[in-house]
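# Structural characterization, general
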Amino acid sequence: MLEKNTAAERAPETLVEMHNAGVFRAGRWLVRGVDLAVRRGEIVTLIGPNGSGKSTTAKTAIGVVKPSEGHVHRARRLKVGYVPQKVTLDWTLPLSVERLMTLTGGAEPTAIGAALEAAGIAHLARRQVQALSGGEFQRALLARALLREPDLLVLDEPVQGVDFTGEVALYELIRNIRDRIGCGILMISHDLHIVMADTDTVICLNGHVCCRGAPQSVMGSPEYQKLFGARAAEALALYRHHHDHTHLADGRVRHADGSVTDHCHAEDGHHHDHTDGDHAGHAHKAVKGEPHAR
Amino acid sequence: MLDDFFTRALIAGVGLALVTGPLGCFVVWRRMAYFGDTMAHSALLGVALSLVFELNLMIGVFLVAALASLALLFLERRGALSTDALLGILSHSTLALGLVMVAFMTWVRVDLMGFLFGDILAVSRLDIAFIYGGGAAVLALLVMLWRPLLAATVNTDIAQAEGLNPGRSRFVFMLLMAAVIAIAMKIVGILLITALLIIPAATARRFAGGPEMMAVLAALIGAASVIGGLIGSLEFDTPSGPSIVVAALALFVLSLVPSPLPQPQQGKTADHATEDRS
């Protein structure tokens, strides 16, 4: 254990890596050209509008979806804990919260108790899963995933259906998990303001990687610092930039004013002040000077 | 003891019910009732083919039922028609093919009614050996497969992400279904096999607090249906296979009657979870 820690300090082990990965289904690209890596102890957060390929990217990273192009490399014997975006349970399957905990692997009763305690649902251990509220179910799924003590925790919108106070507590729980078991976390989020402080890399998707950056760089910006302490909600608004252009099916781009061009403009959305947020990752270069290429 | 045909029928039927109960739970949880029906209907094609090739009936039925489920997987991948329509096509065309083939074989006298509705009163000692041997093998595999199969039933993506190979468990589950259909054909017949898979499991749901408990209860309820049905068929001189299904139905209807005992509140618990915490 000690050895493992020092090794991890020297060079954090890469848990999963994607190179130029894309997924093509039913005649269209769900997501394309994704490069990302999650290392041990690191939190990577994916953001982006609906249908931007966040879930597909996460599923590709853990091998639930096979990439149609590019490569995905996972560390050997990688232990994954997964909380999908949506889990629907048939009423005919009787399942208590306690039983849900050992769905994919056995666990000591004390460990189960501790995981439920950590997720704040110890009092619901014997409740049937179908009788839980959305927020309670989300906590139960999270407790199940962390009980496995995974190397890589993949959370698809982990705070959906949870109110604001619960959301803060859940993010704190997720950070604690990372600190305690030293796993890497790949998280999909639509709310960024709270995780930001703990996220190492933010990747914004819109069918491709729009932009990426260390949130520290965002936090370094004066606007962010001004807004972060007093008005967290405004800080969210700052980073949740608007996509003021839409990528059309034929590869052209429609702008907020209704005009259509062959590629993005430099002044297009999410080009606000991230300071050194990595806009080099904006993947339209291939299209430039080559109208109707795609 | 095994000399009496009625005792043999009881032993054979109970043995079958102990297997169809747990397996039927998965059929209910995974909403595969129509799928089970399709596999069962394909059994008649299996009968016809085993007569042509002079195979053992159980082996022929098992092979054809397994092939039918593979055909379904293949057609589903191609994605032209909905699963529902594909099942309808497979189900009835295999049944019809079987009937037509049997009609061509003028040299064998085939008791069609026996295959369609079963003839539990005619089971031999050898049949009992097949039922208990095959049944024990199916149950053992089901126990080994329990965790990945249940995980895949709850959520395929979780099972896949966490290394439980849901595709393989689905495939083995289909083979188990084919085996049970082959074993059960003689007892309740092709047309009523699905009933023995689904009705006891559905009855057990009301009383079960967990999946394992539901599987055990379904086995017991199925066994009770067999005993009740057989005694009823002796009493009222009714056909045995259908009588077993009617007994299972009676137990299911009984399970719908509201209990006079206070039930633990489980239905509506509202969204006050997060309020509890703050």
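A few points on the structure. Keep in mind it's a predicted model, so treat the numbers as computed, not measured. (Residues numbered from 1 in each chain as written. Chains lettered and ligands numbered in written order. Predicted model: local features only at pLDDT ≥ 70, side-chain atom pairs only at ≥ 80, totals over all residues.)

### Details of the overall build of chain A
In terms of helices and strands, chain A carries 9 helices and 12 strands. In chain A, which comprises 294 residues, the proportion classed as buried is 41%. Summarising the internal contacts of chain A: among those between residues at least 6 apart in sequence, 69% fall at separations of at least 24. (Helix = DSSP H or I, 4+ residues; strand = E, 2+ residues; numbered from the N terminus. Buried ≥ 20, exposed ≤ 12 C-beta atoms within 10 Å, placed from the backbone. Contact = placed C-beta atoms within 7 Å.)

### Some details on the overall build of chain B
Helix and strand counts for chain B stand at 12 helices and 0 strands. Listing the helices and strands of chain B from first to last along the sequence gives α-α-α-α-α-α-α-α-α-α-α-α. For chain B, the C-alpha radius of gyration of 20 Å lies close to 19 Å, the compact-globule estimate for 278 residues. Along the first, second and third principal axes, the C-alpha atoms of chain B reach 80 × 50 × 30 Å. (Rg over C-alpha atoms; globule rule 2.2 N^0.38 Å.)

### Let's talk about the sheet that holds strand β4 (residues 69–74) of chain A
Residues and elements named next belong to chain A. Taken together, the 3 strands give an open sheet; going across it, the order is β2-β1-β4, and neighbouring strands pair in antiparallel fashion. Sheet topology places β2 (28–39) and β4 at the edges, where each strand pairs with a single neighbour. Sheet twist, expressed as the mean angle between neighbouring strand axes with direction ignored, is 15°. Sheet analysis places strand β1 (residues 14–25) next to β4, joined by 5 bridges and oriented antiparallel. The residue bridging H19 from the neighbouring strand is H71, located in β4. (Pairing = 2+ DSSP bridges. Axes fitted to C-alpha atoms, helices over the stretch in contact; angles between N-to-C directions.)

### Section: the packing of helix α2 (residues 33–53) of chain B against helix α3 (residues 57–78) of chain B
Residues and elements named next belong to chain B. Packing of α2 against α3 brings their axes to within 7 Å, and their N-to-C directions diverge by 130°. Our classification of the angle between α2 and α3 gives oblique. Pair α2 / α3 crosses with right-handed handedness. Taking contact as the criterion, the partners of T38, M39, S42, A43, L45, G46, V47, L49 and S50 in α2 are, on α3, L57, I59, G60, V61, L63, V64, A65, A68 and S69. Of the residues that constitute the contact of α2 with α3, the class distribution is 12 nonpolar, 6 polar and no charged. (Parallel < 35°, antiparallel > 145°, perpendicular 65-115°, else oblique. Left-handed = near helix turned anticlockwise from the far one by under 90°. Nonpolar A, V, L, I, M, F, W, Y, C, P; charged D, E, K, R; others polar.)

### Quick notes on unusual backbone geometry
Phi at E157 of chain A takes a positive value of approximately 50°, unusual for a residue other than glycine. Inspection of the secondary structure assignment puts E157 of chain A in the loop between β6 (152–156) and α6 (164–181). Residue class for E157 of chain A comes out partly exposed when judged on the 18 C-beta atoms lying within 10 Å of it. The phi dihedral of R31 of chain B is positive, around 55°, even though this residue is not glycine.

### So, the nonpolar core
Of all hydrophobic cores here, the largest spans 154 residues; its most connected members are V154 of chain A together with A65 and I181 of chain B. The contact partners of V154 of chain A, leaving out residues within four places of it in the chain, are A58, A61, I62, V80, Y82 and L186 of chain A together with A161 of chain B. (Core = buried A, V, L, I, M, F, W, Y, C linked by C-beta atoms within 7 Å.)

### Considering the interface of chain B and chain A
Residue-level contacts link 30 residues of chain B with 30 residues of chain A. Looking at the side of chain B that touches chain A, the elements that each hand over two or more residues are α1 (5–29), α6 (125–154), α7 (156–161), α10 (211–236) and α12 (273–277) of chain B. When residues of the side of chain B that touches chain A are assigned to their parent elements, the largest contribution, 5 residues, is made by α7 of chain B. In terms of residue class, the side of chain B that touches chain A is built from 14 nonpolar, 10 polar and 6 charged.

### A look at the pairing of strand β5 (residues 80–83) of chain A
Residues and elements named next belong to chain A. Neither face of β5 is left uncovered, since the one carrying V80 and Y82 and the one carrying G81 and V83 both have all their residues buried. Summarising the sheet, β5 and β6 pair through 4 bridges and their orientation is parallel. Bridged to G81 within β6 is L153.

### Thoughts on helix α2 (residues 54–61) of chain A
A large share of α2 of chain A lies buried, amounting to 8 of its 8 residues. Of the residues flanking the end of α2 of chain A, it is G63 of chain A, one or two places downstream, whose phi is positive at about 85°.

### Remarks on helix α9 (residues 193–205) of chain B
Residues and elements named next belong to chain B. A rise of 1.5 Å per residue sets the reference length of α9, with its 13 residues, at 18 Å; its end C-alpha atoms lie 19 Å apart and thus fit the reference within 8%. Counting buried positions along α9 yields 12 of 13 residues, so the element is predominantly enclosed. Residues of α9 that are buried: I193, T194, A195, L196, L197, I198, I199, P200, A201, A202, T203 and A204. Buried residues along α9 sit in contact with α1, α2, α8 (166–188), α10 and α11 (240–256). (Expected span 1.5 Å × (residues − 1).)

### Focus: the environment of T20 of chain B
All names here are of chain B. The topology assignment puts T20 in helix α1. Of the residues examined, T20 has 34 C-beta atoms within 10 Å and is grouped as buried. Counting along the chain gives 176 residues from T20 to L196, while the straight-line C-alpha distance between them is 6.4 Å. Not counting chain neighbours up to four residues away, the residues in contact with T20 comprise V180, A184, L196, L197 and G222.

### Details of the sheet that holds β5 of chain A
All names here are of chain A. Spatially, β5-β6-β7-β3-β8-β9 is the arrangement adopted by the 6 strands of the open sheet, whose pairing is mixed. The sheet is open, and its two edges are formed by β5 and β9 (209–213), each paired on a single side. Strand-to-strand twist of the sheet, defined as the mean angle between neighbouring strand axes without regard to direction, takes the value 15°. Along the sheet face, helix α5 (residues 134–147) touches β5 and β6 and points at about 175° away from the line of β5.

### Describing the packing of helix α4 (residues 109–118) of chain A against α5 of chain A
Residues and elements named next belong to chain A. One way to put it is that α4 packs onto α5 with a least axis distance of 9 Å and a crossing angle of 135°. Between α4 and α5, the crossing angle belongs to the class labelled oblique. Like other packed secondary-structure pairs, α4 and α5 cross with a definite hand, here right-handed. Each of A111, I112, A115, L116 and A118 in α4 lies in contact with α5, whose residues at this interface are A143, L146 and L147. Class assignment of the residues belonging to the contact of α4 with α5 gives a composition of 8 nonpolar, no polar and no charged.

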